[in-house]
Amino acid sequence: MASMPIPIAAAAASADGHAKTRSKSARKEKVLKVGPDGNWKLVQMTEEHVDEVIRIQQACYEPEYREERQSYVDRIRVYPEGNIVLMVPDPTATAESPSTPPSPTSPPSSKKRKTSLKYTMAGYILAQPFYRGAINDVNDVKAFSKWIEDRADLPRTEGDCIYIHELSVHPDFRGQGLALPLTDYSETLARGANFKWLTLVALGSALGFWKRTGYILEQEIVYGGHTCFYMEKPSGLEGFSG
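Residues numbered from 1 in each chain as written. Predicted model: local features only at pLDDT ≥ 70, side-chain atom pairs only at ≥ 80, totals over all residues. Heavy atoms only, no water.

Draft legend 1. Structural context of the packing of aromatic side chains. If you walk through the whole model with that rule in mind, you get eight aromatic pairs. Pairing Phe130 with Tyr163 gives two aromatic rings, centres 5.5 Å apart and planes at 55°, and the pair type is tilted. Placement of the pair is Phe130 in strand 4 (residues 115–131) and Tyr163 in strand 5 (residues 160–169), with a sequence separation of 33 residues. An identical accessibility class is assigned to Phe130 and Tyr163; each is buried. Cluster of aromatic residues (ring-pair linked, three or more members): Phe130, Tyr131 and Tyr163. The aromatic ring of Tyr119 is capped on one face by Lys41, whose charged end is 4.1 Å from the ring centroid. Between Arg132 and the ring centre of Trp197, over which it is positioned, the NZ or CZ distance is 3.8 Å. (Phe/Tyr/Trp six-rings, centres within 6.5 Å; stacked < 30°, edge-to-face > 60°. Helix = DSSP H or I, 4+ residues; strand = E, 2+ residues; numbered from the N terminus. Buried < 20%, exposed > 50% of the residue type's maximum accessible area, 1.4 Å probe, protein only. Lys NZ or Arg CZ within 6 Å of the ring centre and 35° of its normal.)

Draft legend 2. Layout of the pairing of strand 7 (residues 216–223). Strand direction decides the pairing type here: strand 7 and strand 8 (residues 226–234), joined by seven bridges, are antiparallel. For Tyr223, the partnering residue across the bridge sits in strand 8 and is His226. Where strand 7 folds back on strand 8, the antiparallel hairpin that results is connected by two residues, among which Gly224 adopts a positive phi of roughly 65°. (Pairing = 2+ DSSP bridges.)

Draft legend 3. Examining helix 5 (residues 179–192) more closely. The end-to-end C-alpha distance of helix 5 is 20 Å, a good match for the 20 Å that 14 residues give at a rise of 1.5 Å each. Positive phi shows up at Asn194, right after helix 5, with a value of about 65°. (Expected span 1.5 Å × (residues − 1).)

Draft legend 4. Looking closely at the nonpolar core. Tyr124 and Trp210 are the most contacted members of the largest nonpolar core, which totals 63 residues. Tallying contributions element by element places strand 4 first for this core, with eight residues. (Core = buried A, V, L, I, M, F, W, Y, C linked by side-chain atoms within 4.5 Å.)

Draft legend 5. Summary view of the pattern of salt bridges. Under the defined criterion, the tally for this structure stands at eleven salt bridges. Here Asp51 and Arg69 are joined by a salt bridge, their closest N and O atoms 3.0 Å apart. You can see Asp51 sitting in helix 2 (residues 50–60) and its partner Arg69 sitting in helix 3 (residues 69–78), a full 18 residues away along the chain. Asp51 gets classed as partly exposed once you look at its relative accessible area, which sits at 42%. Assessed through its relative accessible area of 33%, Arg69 is described here as partly exposed. The structure contains a network of salt bridges with shared partners spanning Arg132, Glu158, Lys196 and Glu232. (Salt bridge = Lys/Arg side-chain N within 4 Å of Asp/Glu carboxyl O.)

Draft legend 6. Seen up close, the environment of Ser116. Relative to the elements of secondary structure, Ser116 occurs in strand 4. Here the alpha-carbon distance between Ser116 and Pro89, two residues 27 residues apart in the chain, equals 9.8 Å.

Draft legend 7. Structural view of unusual backbone geometry. With phi around 60°, Asp37 is a residue other than glycine that occupies positive phi space. Secondary-structure assignment places Asp37 in the loop between strand 1 (31–34) and strand 2 (41–44). Positive phi, close to 65°, is recorded for Asn139, a residue that is not glycine. Judged by relative accessible area, which is 29%, Asn139 ranks as partly exposed.

What follows is the structure, given as C-alpha cells:
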C-alpha cells in the first residue's frame, strides 16, 4: 500500500536518555543523499528508527493497514536498501558545539560558536522487489521474501517490479515537496537494479498524489475493506518506455 498521511500531532520529544540514543544512532547512520543546503537527507532505515516510523504510521493509516513492528524489522533485514527515512532539520532545536567559557577578565569575543543541526524524521518509504500485478498484503514479509529467494539472481523481466509498500510524510512538513526525494529514490533504486516497473496500491485520497507523480491507474480493487487503486509507472530504465 502507499498513502500520504492524514494530519497528526507532532511526536513529543523525549528526555535526555532518548536524546543520547538518537545521537549515538546518528553516528552510525548511512546517509544516502543530502538535499540542497542540507534541508533534508535520506538515511537507510535501521531498527533504531522503527519506533518513530510506527508513530507516524499509526496516525496515518487505519488499523487494517498498519504494519506491526516486527514487519518493519524483517523488511530491514531482508531488503535494507528499500527502507528509507527522510530526515529534516528540527525547527525546535539546534545544538551548539562545546566551547571553553570565557575568562571573567577576558574581553567579549565576537566569534560565534558553530552550531550543528539536529534532525527529525519527516517521512519514510518502504520499497521492495515484487511481482508485477501482485499486492503485498500488510505484515506479509513472506511473499516479498519469496521473490528474493526465487528471483534475486535471475535477469529482470516484465513480471518484476519495485513495489512501494508505504510512503508517508509527516503533516507538519507537507507542502514542501518532501515526498519528492522519496519517490525519486524509489525510481533510482528501480533503475539501478534493472527493474522496468514501479507499482503500488494507493489508498483513497492518495490517488491524486500518485497520478501527479506519474503513476497510471490500472485497476480499482478492494483492499482492507476499502476501494483502493493498483497503479504502475515505468521506471525510466534506458531503452524502455513502458
